[in-house]
Amino acid sequence: MTAEALTRPVRTRLAGLDPVTMLAWLIIIIALFIALAGPFLATHDPMMFSAEMNEQPGNGHLLGTDDGGRDVFSRLMVGTGLSLFYGASAAMVALVLGAVTALIAMSLGKPIELALFAVVDLVRALPGILFALAFIVAFEPGAFSVVLALGVSFAPNFAMITRATYEQQLAQPYTAAAKVLGAGRGRIALIHVLPNIGGALITQFAIILPRCIVSESVLSFLGLGVSSELPSWGRMIATATPYMEEAPHALLAPIIMLSAVTFALAIIGNAQRQRLTHTTKRSAI
Amino acid sequence: MSPHHFRLAANIGLDLLRALGVAVGIVVFTFFVIRMIPGDVVDVRGIEGSLTYSQQSAMREELGLNKPWLTQFLDWSGMILTGDLGQSARFARPIADLLGAVLPSTLLLGATALAIGIVVGVTVSVLAVLFPRSVFVPVVDFITIWSITVPTFSIGIMSLIVFAVWLGWIPAIGNFLVPALILGLDTAGSIAKALHEDMREVQTSEFVRSARARGVSHARIVLRHILPNALTVTIAIIGLMLAGVFTGAITMEVVFGLPGLGTLTLQAIKGRDYAVVQAIIIWLGVTVIFANFVADTIRKLINPRLRTI
């Protein structure tokens, strides 16, 4: 970063963002606010059934009611936090699992590297949702198995990135110098590579997070999600789908929320990735 | 055999070995993970009340579910090797029949989506490079961003609300065209992203500059020099995307109420029919691995620099 970029006031740096990215950040901030304040924003008990089934919006229910007479707005407010939390946990599990596996594989030498990356290849070959399905039925549906299943199925993305960065760092003169000085693979992995993969991992996290959120919704939609009672977006979508003719609002509310948040996250992740490839390309020259 | 051919053969042979290894891994992994599921198909039918206790144990005996896991595994892998996928306990039919009944519709959906994706993706990318000031450049940007940011799951449900409920243009259950278009556009975006980026990169290379200096026309440069060089990446992307297209097809089937692999998977999971779930995962996994192997081989045939030995 140049001195000029550091001293530039914050306002112009914000103005440098294009309108789509600004919209994306706005959506994220609103979603985070709802996630944290959800229980206080809810106007009704999100779990309470009532006789007013599939009511249109208005009439004391801001977004109407669902097939069980539950208030859609309140469910949405509480569900936002749940969906974001499960999605973020899954992406975090994937990051840690993938990065740690790759670092261990790279530190312990070629045979172990080949063996561990064969496992990575295996997970990569199975279509994600199907892998998660098998995993979840094996460990009983529930929050824990959903997060773990998605974490494992997305871990290869992080493992591949870590290995690529490791190899990139290994080609740098300073790691070569460290090697000459007698540093082993493990030391190089911990002292030299680990501090340098942060950016790549964060970018990958931004790309994987929306996919985890969507996957959690798809799993809930298929009836294998976190819980049949908690109003995560996917669960709301699943319960509203059979009634989409009578109560399209009950389906539309969670699907718009899901789409807006995943759209915003993907826009930011993509911008981040582009920035990273630009800077690495420039610094390579 | 020249050393060149020998190295190529060794390369492909090594890839094949690796693909086989991963396939065996999938078979073993699937068997043991599925065995960890508490309760079996006989339990489910017992709870449903359709079997008495003695009938249940007779059924376990017949299905071999009371033998130790290792024996079950050896029996079963022997069967798989001979191409016999076993019997579905829930549907009381051979699994091969069940798969055979649903595969055509899933394959049709996946293949249609892939065809739409390849045709649209390659066409708009090539047109965008051929005519750099035309509308095709924003079109490439649009479908690229679309495929990155809009998951097929949410767009599928939204189009159900709009086209089936509000406009009444399509039936709410069993529409084929809309899911195929949604998956196709998604695929087109991924292809266009890779192909367009790559073509633009090749455009700046030395041999393109020298061709330009020799007075070769822009169209000829794009079609004869840039496109063939960029295609290897696209072939690899298509191989890698196959898993995604299948996953998408499975989700779309459930959303749009189409019969197929997705619907069968769900029924099998809910009925705890391990044997069917197992067969589906293995079939899909092996298909994807094989497709990746073929894509890899084609790339290595086209571009010798990619060969690892």
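Residues numbered from 1 in each chain as written. Chains lettered and ligands numbered in written order. Predicted model: local features only at pLDDT ≥ 70, side-chain atom pairs only at ≥ 80, totals over all residues. Heavy atoms only, no water.

A. Spotlight on the overall build of chain A. Tallying secondary structure elements over chain A gives 12 helices and zero strands in all. Mapped in sequence order, the helices and strands of chain A form the string α-α-α-α-α-α-α-α-α-α-α-α. Taken across its 285 residues, chain A has 51% of its residues classed as buried. Here the contacts in chain A between residues at least 6 apart in sequence split such that 68% fall between residues at least 24 apart. With an accessible surface of roughly 13,400 Å², chain A has 70% of that area assigned to carbon and sulfur atoms. (Helix = DSSP H or I, 4+ residues; strand = E, 2+ residues; numbered from the N terminus. Buried < 20%, exposed > 50% of the residue type's maximum accessible area, 1.4 Å probe, protein only. Contact = heavy atoms within 4.5 Å. Areas by Shrake-Rupley, 256 points an atom, 1.4 Å probe, with all protein chains shown as cover.)

B. Broad picture of the packing of helix H7 (residues 143–170) of chain A against helix H10 (residues 198–221) of chain A. All names here are of chain A. Running from N to C, H7 and H10 cross one another at 155°; their axes reach a closest spacing of 10 Å. Comparing the axis directions of H7 and H10 gives the class roughly antiparallel. The handedness of the crossing between H7 and H10 is right-handed. Every residue of H10 that contacts H7 at Val146, Leu150, Phe154, Asn157, Phe158, Ile161, Thr162 and Thr165 is listed here: Ala200, Leu201, Gln204, Phe205, Ile208, Arg211, Cys212, Ser215, Glu216 and Leu219. Counted by class, the contact of H7 with H10 contains 11 nonpolar, five polar and two charged residues. (Axes fitted to C-alpha atoms, helices over the stretch in contact; angles between N-to-C directions. Parallel < 35°, antiparallel > 145°, perpendicular 65-115°, else oblique. Left-handed = near helix turned anticlockwise from the far one by under 90°. Nonpolar A, V, L, I, M, F, W, Y, C, P; charged D, E, K, R; others polar.)

C. Looking closely at the interface of chain A and chain B. Counting residues at the interface gives 37 residues for chain A and 42 residues for chain B. Carbon and sulfur atoms make up 82% of the area that chain A and chain B hide from each other, which totals about 3,600 Å². In this structure, the connection of chain A to chain B is made through zero salt bridges. At the boundary of chain A with chain B, the tally comes to zero residue pairs in polar contact (both at pLDDT 80 or more). Where the side of chain A that touches chain B is concerned, the elements lending two or more residues are helix H5 (110–125), helix H6 (128–138), H10 and helix H12 (248–284) of chain A. In terms of residues, the side of chain A that touches chain B owes the most to one element, H12 of chain A, which gives 13 residues. A breakdown of the residues in the side of chain A that touches chain B according to their chemical character gives 27 nonpolar, five polar and five charged. (Buried area = accessible area lost by both parts, 1.4 Å probe. Salt bridge = Lys/Arg side-chain N within 4 Å of Asp/Glu carboxyl O. Polar contact = N/O pair within 3.5 Å; in protein donor to acceptor, adjacent residues only side chain to side chain.)

D. Quick look at the pattern of salt bridges. All names here are of chain B. Applying the stated criterion to the full structure yields one salt bridge over all chains. In this structure, the salt-bridge partner of arginine 209 is glutamate 206, at a minimum N-O distance of 3.1 Å. Taken together, the residues arginine 209 and glutamate 206, both in helix H9 (residues 206–213) and three residues apart, mark about one turn of the helix. Taken individually, arginine 209 and glutamate 206 each receive the classification exposed, so the pair is uniform in this respect.

E. A look at the packing of aromatic side chains. According to the stated counting rule, one finds six aromatic pairs over all chains in the structure shown. Over the ring of phenylalanine 117 of chain A we find arginine 163 of chain A; its NZ or CZ atom is 3.9 Å from the centre of that ring. (Phe/Tyr/Trp six-rings, centres within 6.5 Å; stacked < 30°, edge-to-face > 60°. Lys NZ or Arg CZ within 6 Å of the ring centre and 35° of its normal.)

F. A look at a nonpolar patch on the surface. All names here are of chain A. Residues Met92, Val96, Val100, Ile104, Leu108 and Ile112 make up a contiguous nonpolar surface patch of about 500 Å² in total accessible area. Per-element tally for the nonpolar patch: the top contributor is helix H4 (residues 72–107), with four residues. Note that valine 100 resides in helix H4. Classification of valine 100 by relative accessible area gives partly exposed; the value is 43%. (Patch = residues over 30% accessible without salt bridge, like charges linked within 9 Å, V, L, I, M, F, W, Y side chains within 5 Å.)

G. Local environment of the nonpolar core. Residues Phe153 and Phe256 of chain B are the most contacted members of the largest nonpolar core, which totals 129 residues. Among the elements that make up this core, the one with the highest residue count is H4 of chain A (16 residues). In this structure phenylalanine 256 of chain B touches Gly156, Ser159, Leu160, Ile170, Ala172, Ile173, Gly174, Asn175, Val178, Pro179 and Ile182 of chain B, once residues within four positions along its chain are discounted. Core analysis: the next-biggest nonpolar cluster, separate from the first, contains 14 residues, Leu130, Leu195, Val216 and Ala230 of chain B among them. (Core = buried A, V, L, I, M, F, W, Y, C linked by side-chain atoms within 4.5 Å.)

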